[in-house]
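Here is how the chains run, residue by residue.
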Amino acid sequence: MHTAFNFLEELSLQWLAQMFGLGPMLGVYSSGGSVANLIALGGARQSAFEKINHDPASSGVNRPVGIYASAECHHTIQRSAGVLGVGRGAVRLIECDVAGRMRVDSLAKVLAEDKVAGILPMAIVANAGSTNTGAIDPLQALGKIARENQIWFHVDGAYGLPGILDEEVKPQFEGLDLADSIIVDPHKWLGAAVGVAATFVRDRQVLYRAFTQEPADYLEGSVEQNQVAAEVEHSLDDLGIPYFDFGAELSSPSRGVVVWALIREIGVTGLRQRVKRHNAMARRLAYLVDKHPKLELLGEPTLSICCFRYISPKIADLDRFNQRLHRLLVRENIYMPSTTRVQGKLALRPCYIGARAEPDQVNGLLEAVLRIGAELEPGR
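The rules behind each value
- Residues numbered from 1 in each chain as written.
- Predicted model: local features only at pLDDT ≥ 70, side-chain atom pairs only at ≥ 80, totals over all residues.
- Heavy atoms only, no water.
- Helix = DSSP H or I, 4+ residues; strand = E, 2+ residues; numbered from the N terminus.
- Rg over C-alpha atoms; globule rule 2.2 N^0.38 Å.
- Buried < 20%, exposed > 50% of the residue type's maximum accessible area, 1.4 Å probe, protein only.
- Contact = heavy atoms within 4.5 Å.
- 1 Å grid on protein atoms, 1.4 Å probe; cavity = no way out; pocket = protein on both sides within 12 Å on 5 of 7 lines; lining within 4 Å.
- Points joined across faces, edges and corners; volume = space filled by probe spheres on them.
- Nonpolar A, V, L, I, M, F, W, Y, C, P; charged D, E, K, R; others polar.
- Pairing = 2+ DSSP bridges.
- Axes fitted to C-alpha atoms, helices over the stretch in contact; angles between N-to-C directions.
- pLDDT = per-residue confidence, 0-100.

1. Details of the overall build of the protein chain
For the protein chain, the helix and strand inventory stands at 11 helices and 11 strands. Taking 21 Å as the expected radius of gyration for a compact globule of 380 residues, we find that the protein chain reaches 23 Å, a close match to that expectation. By the burial criterion, 51% of the 380 residues in the protein chain qualify as buried. If you take every contact in the protein chain between residues at least 6 apart in sequence, the share linking residues at least 24 apart comes to 70%.

This is how it looks when you write it as C-alpha cells:
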C-alpha cells in the first residue's frame, strides 16, 4: 500500500544506487542473491525475445537461448535458467584466466559459434566479486561486447559490489555503467539480516512485462487508485510503487526499512571504512601467507577473500589434509573460514565482511592454522 514502508522501499534503493554509483538505475528487493539473479535474468529473457517480437512471459520461450557466464559464476545462474524455462543447459560457462576472471577472447569465440548455430543470445553475466575468490571480471570489455551485440549485460555483485567504495579497487569496477542489471546483497557486506537482496535495472518496465501478474479482483478493488488527486490522503487510495509486479514475490516483508535504517546508522563513510578494513585484512593475510614456508597463497586477493592452504613435502594428499585441518579449525569455534577450490586445489577461504571482523583476527587465524597443521602433519 502507499505507506511509509512503500516510500522507504524506494528511498533505500535510491540510497544504495547512489552509494554504489549506479546512476539512474531503479531497483526491487528480494530474499537473496538467488532470487535477485532470477529477477535480473527474467528481465534479460523478456528483452531478448521482445527483440524478435515475441513475449516469453505470456507465451513461453520459442527457441534456444544462450546465457554467457564466467566459469566462476554462482550456481544460481543455472538455477535461474531452469526456473525461467530456458534450461540450465543454456548457460555457457566461459573459461577464466589464472586470476579467476572471464576471458574476453573465449566469450567472443563462443558467441560467434552460437550465432552460427542460431542460438538467441539472452545475457552476458559478469562477476563483480566472485563468490569463490572475489575476482572481478573485465566489466568494461564485457560491457562493450554486450553493447555491440545488443545483449543484456548483467553484473552479479551480490557479495562484491560494495568493494567499489575502496579507492584501491574502484578502477576494477569501470564498466558498471554499461550494465542493464546489477545485483547486491545488503545481507552481506552491509550487515542486514539474511534475506535482503536488491536487483537494479536500467528499465524497470522490462521487469513489469516479465513478472506482472494477471489482475486479481480482491486486490484491484481494494484501493481507489486515485490518479487524479494531487495527494494520497489514505493508504488505500493507491497501491504505491508496484514492487509485486517487478519480481517473483507478491507478499514480502519491508526489506527497504531494514536497509534504510542500516544506511542511516553507518552511512557511506562508515561502510567505506568497513570495506577498506576488510580488504586490507585479506591483503595482509596474503602477505603473511606468502612469506611462510608452510603456507601457500592460491591467488592475490581482489576484495576481502584470501584463499590459501597448508603445505609440506611430508603430506601426500594436500586436499584431504587441508579438509581435515579445516574441520578441526571450525570445531574450535573461533576462526571459521569456509573452503573452496582454486585452480583445482582445495583452499581455506576466509571472507571478511562482518562488522566485527578486525585486523587482529588475521594473525589469530594464521596461528590456529599453523598449530593444527603441525599437529596433523605426518612424522611429528
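2. Notes on the layout of surface pockets
Each pocket or cavity is described by its volume, and for the second largest pocket that value is around 330 Å³. As for the second largest pocket, its lining consists of 25 residues, and the residues nearest its centre are Val98, Ala99, Gly100, Thr133 and Val342. A per-class count over the lining of the second largest pocket returns 12 nonpolar, eight polar and five charged.

3. Some details on the sheet that holds strand 3 (residues 91–94)
Taken in spatial order, the seven strands of this open sheet run 1-7-6-5-4-2-3, and their pairing is mixed. Of all the strands in the sheet, the pair left with one neighbour each is strand 1 (26–30) and strand 3. Shown here is a sheet whose adjacent strand axes are inclined to one another by a mean of 20°, direction ignored. Two elements, strand 6 (residues 181–184) and strand 7 (residues 197–201), share four bridges in a ladder whose sense is antiparallel. Within strand 7, the position partnered with Ile182 by the bridge is Phe200. Across the face of the sheet, helix 2 (residues 33–50) comes into contact with strand 1, strand 2 (65–70), strand 4 (120–127), strand 5 (152–156), strand 6 and strand 7 while running at roughly 145° to strand 4.

4. Topic: the pairing of strand 7
Of all five residues making up strand 7, five are buried, and the element is well covered by its neighbours. Residues Ala197, Thr199 and Val201 of strand 7 are buried on one face, and the alternating residues Ala198 and Phe200, pointing to the opposite face, are buried as well. Bridge analysis of strand 1 against strand 7 gives five bridges, and the strand direction is antiparallel. In the sheet register, Tyr29 faces strand 7, and the bridge partner there is Ala198.

5. Quick word on the confidence of the model for the protein chain
Chain-level pLDDT for the protein chain is 92 on average; 92% of the residues reach the 70-or-more range. With pLDDT under 50 throughout, residues 216–223 is counted as low confidence; its partners more than four residues away or in other chains account for 10 contacts.

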